[in-house]
Amino acid sequence: MASILRKPLAFFKKDFLMEVSYRFSFMFQFASIFFSVVMFYFVAKLIGDAPSVKNSLSAYGGNYFSFVLIGIAFSNFLSVGLGSFSSSIRSEQMIGTLEAMLVTPTTLSNIVLSSSQWNFAFTSLRVGVYLLLGVLMFGVDLGNAAVLPALSALILTVVAFSSLGIISASFIMIFKRGDPIAWALSTSSTLLGGVYYPIAILPDWLQTLSYAFPITYSLNAIRLSLLQGQGFSEVGGDLLSLVAFSVITLPISLLSFRYAVSRAKKDGSLSYY
C-alpha cells in the first residue's frame, strides 16, 4: 500500500509546495471567494422575497442566496474536472518535466491523475470556505443537511466531470491548440445547469436540454440534501442519473485517452505542447 501511494503523494507534495510558494496568489484565491460571496449576497438582497422568486425556489427553501451559494461553490468542480487533466499535461510539457518523467517507470496516466489530485483537493477546500462563509457570516441554514446523500452526489459529480475532463485532455493531446470540448461543456453547463438560477425558469425546450448535462442532477441533489435535508429516497433519481452518465462516459474517456497517447507517441509529439 505504501509503495502504491508513494508516487501520488510525491506529486501532491510537489503541487502543494508549488502552490503555497506563490503566497500572494494563494491568499488572493481565498479573498476572491469572500468578494464573490458578498457580491451574490447583495444580489440576493436586491431580488428580495418577491413571490415569483419564492415560487421558483420553493423546492430549495425559497432563499436565493442559499441557492446560488451552492451553485457557485460546487460548480468549481465542473471547472477543475474539465480543465485539470489537460492543464496538468500542458504544465508538465511547458516546464519540460513530462519527457523526463516518461523515461521513468511512471505511466502517463499515473502522471496525469496524480498531477490533478491537488486541484481536486484544493477545490474541496474552496467549496468548504464558500459554505463556511455562508453559514457564519450570511445566515445560510445547513442545520438539517443530509450529509451522506450530498457526499454521494459530490463523489459522483467528480467522477462524471473527470470523465469529461479526460476526454478534453485527449483532444488537446492530439490537436495541441484549443479545446472546444471544455469550452462548450463549461459554457453550456453554466447556462443550462442551474448554477445561478433554477432551470424551472427556462423555456420548456431548454429545460429538456438541461438534463443532458450532469451538473443539473448534481446541483439539484446537493441543494436538496444540504438545504432541505432530503435523503437518498428523494435524491435517488439524480444520483442514478449521475451513475448512468459516469458508466457511459468513463469508458469512453479512458479509451479516448489511450488512443490519444498512442497517437501522440507515433507522431513524436507527446512531449511538446
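In what follows, the accompanying structure is described. (Residues numbered from 1 in each chain as written. Predicted model: local features only at pLDDT ≥ 70, side-chain atom pairs only at ≥ 80, totals over all residues. Heavy atoms only, no water.)

## Considering the packing of aromatic side chains
Enumeration over the complete set of coordinates arrives at 11 aromatic pairs. Ring centres of phenylalanine 30 and phenylalanine 122 lie 5.7 Å apart, and the angle between their planes is 90°; this geometry places the pair in the edge-to-face category. You can see phenylalanine 30 sitting in helix H2 (residues 23-47) and its partner phenylalanine 122 sitting in helix H7 (residues 108-138), a full 92 residues away along the chain. Judged on exposure class, the residue phenylalanine 30 and its partner phenylalanine 122 are both buried. Grouping aromatic residues by their ring pairs yields a cluster made of Tyr41, Phe42, Phe65 and Phe138. One Lys or Arg, arginine 223, reaches over the ring of phenylalanine 67 and ends 3.5 Å from the middle of that ring. (Phe/Tyr/Trp six-rings, centres within 6.5 Å; stacked < 30°, edge-to-face > 60°. Helix = DSSP H or I, 4+ residues; strand = E, 2+ residues; numbered from the N terminus. Buried < 20%, exposed > 50% of the residue type's maximum accessible area, 1.4 Å probe, protein only. Lys NZ or Arg CZ within 6 Å of the ring centre and 35° of its normal.)

## Observations regarding the nonpolar core
By size, the foremost hydrophobic cluster in this structure holds 66 residues, and its most contacted members are Val37, Tyr64, Ile70, Phe74, Phe77, Tyr130 and Ile215. Listing elements by their share of this core, those giving two or more residues are H2, helix H4 (64-74), helix H5 (76-94), H7, helix H8 (147-175), helix H9 (180-192), helix H11 (214-228) and helix H12 (232-267). Among the elements that take part in this core, H8 stands out by supplying 10 residues, more than any other. (Core = buried A, V, L, I, M, F, W, Y, C linked by side-chain atoms within 4.5 Å.)

## Points about a nonpolar patch on the surface
A surface patch of nonpolar side chains, about 720 Å² in accessible area, is lined by Val147, Leu148, Leu151, Ile155, Val159, Phe232, Leu250 and Leu254. Of all the secondary-structure elements, those providing two or more residues to the nonpolar patch are H8 and H12. Looking at leucine 254, the relative accessible area reads 48%, which means it is partly exposed. (Patch = residues over 30% accessible without salt bridge, like charges linked within 9 Å, V, L, I, M, F, W, Y side chains within 5 Å. Areas by Shrake-Rupley, 256 points an atom, 1.4 Å probe, with all protein chains shown as cover. Salt bridge = Lys/Arg side-chain N within 4 Å of Asp/Glu carboxyl O.)

## Describing H9
Taking 1.5 Å per residue as the helical rise, H9 with its 13 residues ought to reach 18 Å, and the 18 Å between its terminal C-alpha atoms agrees with that figure. Every buried residue of H9 is listed here: Ala182, Leu185, Ser189 and Leu192. End-on view of H9: buried residues confined to an arc of 135°, all on one side of the axis. Glycine 194 sits one or two positions beyond H9 and adopts a positive phi of about 80°. (Expected span 1.5 Å × (residues − 1). Arc of directions from axis to C-beta.)

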